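Commentary on secondary and tertiary structure
As a plain string of letters, each chain reads:
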Amino acid sequence: MTYKTSGVCSRAINFEIDGENKVRNVTFEGGCSGNTQGVARLVEGMDVHEAIRRLEGIRCGHRPTSCPDQLSRALKGALE
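Okay, so let's go over this structure. (Residues numbered from 1 in each chain as written. Predicted model: local features only at pLDDT ≥ 70, side-chain atom pairs only at ≥ 80, totals over all residues. Heavy atoms only, no water.)

**Comments concerning the pattern of salt bridges**
For the structure on display, the rule yields 6 salt bridges. Residue Asp18 pairs with Arg24 through a salt bridge whose shortest N-O separation is 3.1 Å. In this structure Asp18 comes out as partly exposed when scored by relative accessible area, which is 24%. Linked through salt bridges whose partners overlap, the residues forming this network are Asp18, Arg24 and Glu44. (Salt bridge = Lys/Arg side-chain N within 4 Å of Asp/Glu carboxyl O. Buried < 20%, exposed > 50% of the residue type's maximum accessible area, 1.4 Å probe, protein only.)

**Considering the sheet that holds strand 1 (residues 2-4)**
Pairing within the open sheet is antiparallel, and its 3 strands lie in the order 1-2-3. In this open sheet, the two strands that pair with only one neighbour each are strand 1 and strand 3 (23-30). If you compare each strand with its neighbour and ignore which way they point, the axes differ by 20 degrees on average. Sheet topology note: the strand 1/strand 2 (residues 10-17) ladder contains 3 bridges and is antiparallel. Residue pairing across strands places Thr2 opposite Asn14, the latter belonging to strand 2. (Pairing = 2+ DSSP bridges. Helix = DSSP H or I, 4+ residues; strand = E, 2+ residues; numbered from the N terminus. Axes fitted to C-alpha atoms, helices over the stretch in contact; angles between N-to-C directions.)

**Remarks on the packing of helix 2 (residues 48-55) against helix 3 (residues 67-79)**
One way to put it is that helix 2 packs onto helix 3 with a least axis distance of 8 Å and a crossing angle of 145 degrees. The element helix 2 and its partner helix 3 pack so that their crossing is left-handed. In contact with Val48, His49, Ala51, Ile52 and Leu55 of helix 2, helix 3 contributes Pro68, Asp69, Leu71, Ser72, Leu75, Lys76 and Leu79. A class-by-class count of the residues in the contact of helix 2 with helix 3 yields 8 nonpolar, 2 polar and 2 charged. (Left-handed = near helix turned anticlockwise from the far one by under 90°. Contact = heavy atoms within 4.5 Å. Nonpolar A, V, L, I, M, F, W, Y, C, P; charged D, E, K, R; others polar.)

**Some words on the state of the cysteines**
Tallying each qualifying case throughout the model produces 0 disulfides. Take Cys9: it sits in no disulfide, and the sulfur closest to it among the cysteines is that of Cys32, at 5.3 Å. Looking at Cys9, the relative accessible area reads 47%, which means it is partly exposed. Given the relative accessible area of 45%, Cys32 is considered partly exposed. (Disulfide = S-S within 2.5 Å.)

Structural measurements only, silent on function.
This is the structure in structure tokens:
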């Protein structure tokens, strides 16, 4: 799946959710490379609900969202 981000430096997030509700193959298009790679590796294989719980609401400076928060929104949308 591809999620078009809003309010952050990255333009989009690509990811998969496998048959066991595990997050797989997360990649960010744009954004701070080190941070987005770190987030992607940390959530690899994590239960989708746990990933949402951990990432939801994280802010980037004064922005009301962040790349991790955008990933949580993308995952929520994929479950709906």
